[in-house]
Amino acid sequence: MSARLSFSGISRRFGRKRVLEQVAGAVEIGQVLAVSGANGSGKSTLLRILAGLMPASSGTIEYRLEDRLLDSGERRRALGYVAPDLALYESLTVVENLRFFARLRGLPASAADDAVARVGLAPEAFYGTLSSGQRQRLRWAWALLGRPRLLLLDEPFQNLDAAGEALARRLLDEHLENGCAVVASPITLELPKVHERIHLAG
Amino acid sequence: MSASTWLAEATAVFVKEWRSELRTRYALNTFGLFAVTTLITASVALGPASLAPVERASVLPVLLWLILLFTATAGLPRAFVFEEETHTSTALRLAASPGPLFVGKAAYNLALTLALEALVVPLFLILFDLAVASPGLLALALLAGGFGLALGSTLVSALISQARGRGTLFAVLSLPILLPLLLFSVQLTRLAILGDAPGQTVEALLLYDASLTVASMMLFPVIWNP
Amino acid sequence: MRKALLYGLWLLMCLVIVGAFLWAPIAKGFLGESSRILFFHVPMAWTAFLAFIAAGIWSLLYLIRGRGVAHDHAALAAVELGLVFCLLATVTGAMWAKTMWGAFWNWDPRQISITFALLFYGAYLALRSSVPDPQVERVLGAAYAVFGLVMAPFLFFVAPRLVFSLHPQPVLNTQGKVEMESRMLWVLAASSLAFTCLFVWLLGLRRRMLALADRIEES
């Protein structure tokens, strides 16, 4: 049982603007890699690059699962991702949304039903009618579909109430028993099992 | 990836698109209103009797395909643009494999195009009192032309979804791709109305569809994840 | 060395101009002196065609060979120059058509093809200029140019065949026979060579400009 994400020399420019410069890090099962930095320092960009949603200007990313190196397409489909820019379909209900993504990842419909139950949302509510805190809970449910071994969490507790944050922390704890996580946040979060911290100067 | 999971993914995308569409009716309403408006305008101006019989076979096919093109342009680009606008593309990128995703989207656009043709063509034939000498050939022109229209629009939709000024850009990018297709379709429709032998036009149209299919399948993964 | 080559190109172009107007005879079946413009029109069209094919190949290399910026610059420069030559070929062709056929534009199949080319590669530049992220811009541009490479046979060879054409047969026609007086052939060959060299020289300049612009952007 192994899963290891490592990256080095990650740089990213947008035209004249340099957002990331030679960032490196690694994380293994049971560990958290905490990424901090001010607004605009490139935390979200780094996570998008690690997720394979955006090309890096230079640098390498390696994700090994059970001693097998995944290519960027496989990695993209094998990770869980929570971020403010993640939205689901407004005209579908919570459970329809998750079942759709479960089918895309080759998971049974019950995986979607389980995920909804874990975050305590009403399955038949339309995504368009959810509050921002409920949407954040749904992002967690979406990220945990199929129990991925790697979670990329960008401001994971944003908009959550006390109960919601406690739930999210419990989910993260459960996940770390058998997986790893990269967490980005502008404030220093009290997180268990932080093994490495990256501070982006911006 | 096995063929059955591939097909299951494409079907999931197709079903999701229809479920959203049937709830919002965005494309169907747009198509209906757009098609009816243009049909009425054309019909009032050019009615069954105001064109000389010799002109009919050359003017009406062009009119029909222009109505189909512009109506389709009002709905088909949504395929990927809408995902980007509502930020659902992030989740889609992380869950779907590009091949089945493209096929599901293109199949949905094809279904929309065929629905549009099923609405427009009978009305068009009735309003202009147009007799078709070879209906089979007309069906072929509509099917093959509609296929190219749907596929080309889906590909261009994916290209422009990551750009600015999507509305004008769609017209600019799709015109050169769809122009030859429209020329073939218009010609084939004219031949179908007159009942003439289609000659090489059928081959040209089918070959065009085939190269469009190959090029799209090859390039979509690159366009989707740059 | 570079300078000597440039002088050589200049000399070749001078010879082509003199040859086209004074040395080569008038072609049979052409009105007046109108055949002389073909010594420029045909090489321009050829160069445009070459440029677009080259752009497609460089774009393909960009996509499959590790996304090196040099390939992208080459493709972009080739499209820009191809458009210039394409525009020149369109204008010279229209001038000739006015003399021979009585109208600047009559949608002859060759005119349809060249319009497709202008629209398609014009759209390439429009696409590139509307993508905010330069890295995404390169990939999307390359994909569109490769798309052009796949669809080109259609636009240039299949579509025109379906419509009756007044355009003279290309120099090497379907029978593979060369129907031209030898002096005309010499001038045409020399002109094609000169225009191709001109393209290669301009391409090198433009690539250097793009590379420098990138370096300024990065510093």
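Residues numbered from 1 in each chain as written. Chains lettered and ligands numbered in written order. Predicted model: local features only at pLDDT ≥ 70, side-chain atom pairs only at ≥ 80, totals over all residues. Heavy atoms only, no water.

### Some words on the sheet that holds strand β4 (residues 58-65) of chain A
All names here are of chain A. In space, the four strands of this open sheet follow the order β2-β1-β4-β5, with antiparallel pairing throughout. The open sheet has two edge strands with one neighbour each: β2 (17-28) and β5 (68-69). As defined by bridge partners, strand β1 (residues 3-14) adjoins β2 across eight bridges and the pair is classed as antiparallel. The residue of β2 that forms the bridge with F7 is G25. Against the sheet, helix α1 (residues 43-51) makes contact with β1, β2 and β4, and its axis sits at roughly 125 degrees relative to β1, the strand it touches most. (Pairing = 2+ DSSP bridges. Helix = DSSP H or I, 4+ residues; strand = E, 2+ residues; numbered from the N terminus. Contact = heavy atoms within 4.5 Å. Axes fitted to C-alpha atoms, helices over the stretch in contact; angles between N-to-C directions.)

### Focus: the interface of chain C and chain B
Each side of the interface is counted separately: chain C has 27 residues, and chain B has 28 residues. Around 2500 Å² of area is buried between chain C and chain B when both sides are counted, 84% of it from carbon and sulfur atoms. The tally of links between chain C and chain B comes to zero salt bridges. Where chain C packs against chain B, one counts three residue pairs in polar contact (both at pLDDT 80 or more). (Buried area = accessible area lost by both parts, 1.4 Å probe. Salt bridge = Lys/Arg side-chain N within 4 Å of Asp/Glu carboxyl O. Polar contact = N/O pair within 3.5 Å; in protein donor to acceptor, adjacent residues only side chain to side chain.)

### Section: the interface of chain C and chain A
Think of interface size as the accessible area that goes away when the parts come together; that is how it is often given. Across the contact, six residues belong to chain C and nine residues belong to chain A. In total, chain C and chain A occlude about 710 Å² of area from one another, counting both sides; carbon and sulfur atoms represent 37% of this. Among the residues chain C hides against chain A, the three largest losses belong to Q135(C), E217(C) and E218(C). Together they make up 67% of the total. As a salt-bridge pair, D133(C) and R12(A) come within 2.1 Å of each other at their nearest N and O atoms. Inspection of the region where chain C meets chain A yields four residue pairs in polar contact (both at pLDDT 80 or more). Mapped onto the side of chain C that touches chain A, the elements with two or more residues apiece are α5 (134-161) and α6 (182-218) of chain C. Of the residues forming the side of chain C that touches chain A, the biggest block, three residues, is contributed by α6(C). Among the residues making up the side of chain C that touches chain A, the classes are represented as two nonpolar, one polar and three charged. (Nonpolar A, V, L, I, M, F, W, Y, C, P; charged D, E, K, R; others polar.)

### Considerations on the confidence of the model for chain C
Residue and element names in this part refer to chain C. Mean pLDDT over chain C works out to 86, with 89% of the residues at or above the 70 mark. Of the regions scoring below 50 in pLDDT, residues 171-177 engages in eight contacts with residues more than four places distant in sequence or in other chains. Interface scoring of the predicted complex returns ipTM 0.91; its pTM is 0.91. (pLDDT = per-residue confidence, 0-100.)

### Description of the state of the cysteines
Under the counting rule described, the total for this entry stands at zero disulfides over all chains. Here C14(C) is not disulfide-linked; the sulfur of C197(C) is the nearest cysteine sulfur, at 14 Å. (Disulfide = S-S within 2.5 Å.)

### Describing unusual backbone geometry
Keep in mind that most residues, glycine aside, have a negative phi and that most peptide bonds are trans. All names here are of chain A. A positive phi angle is found at Q22, which is not glycine, with a value near 50 degrees. As for its placement among the helices and strands, Q22 is situated in strand β2. A relative accessible area of 56% places Q22 in the exposed class. Positioned with a positive phi, K193 is a non-glycine residue whose angle comes to about 60 degrees. Along the chain, K193 turns up in the loop between β8 (180-184) and β9 (194-200). (Buried < 20%, exposed > 50% of the residue type's maximum accessible area, 1.4 Å probe, protein only.)

### Points about the pattern of salt bridges
Tallied over the full model, the rule gives 26 salt bridges over all chains. Taking the shortest distance from any N to any O, the salt bridge between R18(A) and E21(A) comes out at 3.3 Å. Given the relative accessible area of 46%, E21(A) is considered partly exposed. Residues D72(C) and R128(C) are paired through a salt bridge, measuring 3.0 Å at the closest nitrogen-oxygen approach. Of this pair, D72(C) sits in helix α3 (residues 69-101) while R128(C) sits in helix α4 (residues 109-129), placing them 56 residues apart in sequence. In terms of burial, D72(C) and R128(C) fall into one category: buried.

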